[in-house]
Amino acid sequence: MTRVRVTAPRSVARPAVEFRGTAEESAMGQVFVRSLIRSQLRLALVVAGGFVLIVGAFPLLLAAFPGLAESTVAGIPFDWLLLGAGIYPVTGISAWLYIRSAARNEARYRDLARDLGGDR
């Protein structure tokens, strides 16, 4: 029996921060890094808070409308369907929003670091 090694072709990955050394050495660069960390933390807290509020609203919706708990959709109780399948789109949308916004924050930081470090 022979072993087969499956590998992906090598790709050139772009570094996350191109001018890291130059940007972090200056006082202004340190301010930019702290600002990036604060904005990423703020983004994480906002997305997590929104996710918790929306998911927490599902049981409140069922409590506000008692008739929904007894209704069925294709033989499945609506409350099970809402709590079981309704969470996945909320999770996906939250993740998509977080990734998109985090990438935008990092792109802004890279632009600022490039301006601070000069064009190389």
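The paragraphs below set out a description of the structure included in this document. Quantities reported herein were computed from a predicted structural model and do not represent experimental measurements.

Scanning the protein for helices and strands turns up 5 helices and 2 strands. Secondary structure elements of the protein occur, N-terminal to C-terminal, as α-α-α-β-β-α-α. The contacts of the protein with a sequence gap of at least 6 include a subset with a gap of at least 24, amounting to 73%. Accessible surface, the protein: about 9,300 Å² in total, of which carbon and sulfur atoms supply 65%.

This paragraph deals with helix H2 (residues 27-64). Taking 1.5 Å per residue, 38 residues should reach 56 Å; H2 reaches 54 Å between its end C-alpha atoms and fits that length. Of all the bends in H2, the greatest, near 30 degrees, is centred on Phe58, and the proline Pro59 appears no more than four residues after it. Among the residues making up H2, those that are buried are Gly29, Phe32, Val33, Leu36, Ser39, Gln40, Leu43, Val47, Phe58 and Leu62.

The grouping of Met28, Val31 and Leu116 at the surface amounts to a nonpolar patch, some 220 Å² of accessible area in total. Structurally, Met28 is set in helix H2.

A few words on the side chain of Asn105. Considering the arrangement of structural elements, one finds Asn105 in helix H5 (residues 87-117). For Asn105, a relative accessible area of 14% gives the class buried.

What counts, and at which threshold
- Residues numbered from 1 in each chain as written.
- Predicted model: local features only at pLDDT ≥ 70, side-chain atom pairs only at ≥ 80, totals over all residues.
- Heavy atoms only, no water.
- Helix = DSSP H or I, 4+ residues; strand = E, 2+ residues; numbered from the N terminus.
- Contact = heavy atoms within 4.5 Å.
- Areas by Shrake-Rupley, 256 points an atom, 1.4 Å probe, with all protein chains shown as cover.
- Expected span 1.5 Å × (residues − 1).
- Bend = angle between axes of the 7 residues up to and from the residue.
- Buried < 20%, exposed > 50% of the residue type's maximum accessible area, 1.4 Å probe, protein only.
- Patch = residues over 30% accessible without salt bridge, like charges linked within 9 Å, V, L, I, M, F, W, Y side chains within 5 Å.
- Salt bridge = Lys/Arg side-chain N within 4 Å of Asp/Glu carboxyl O.

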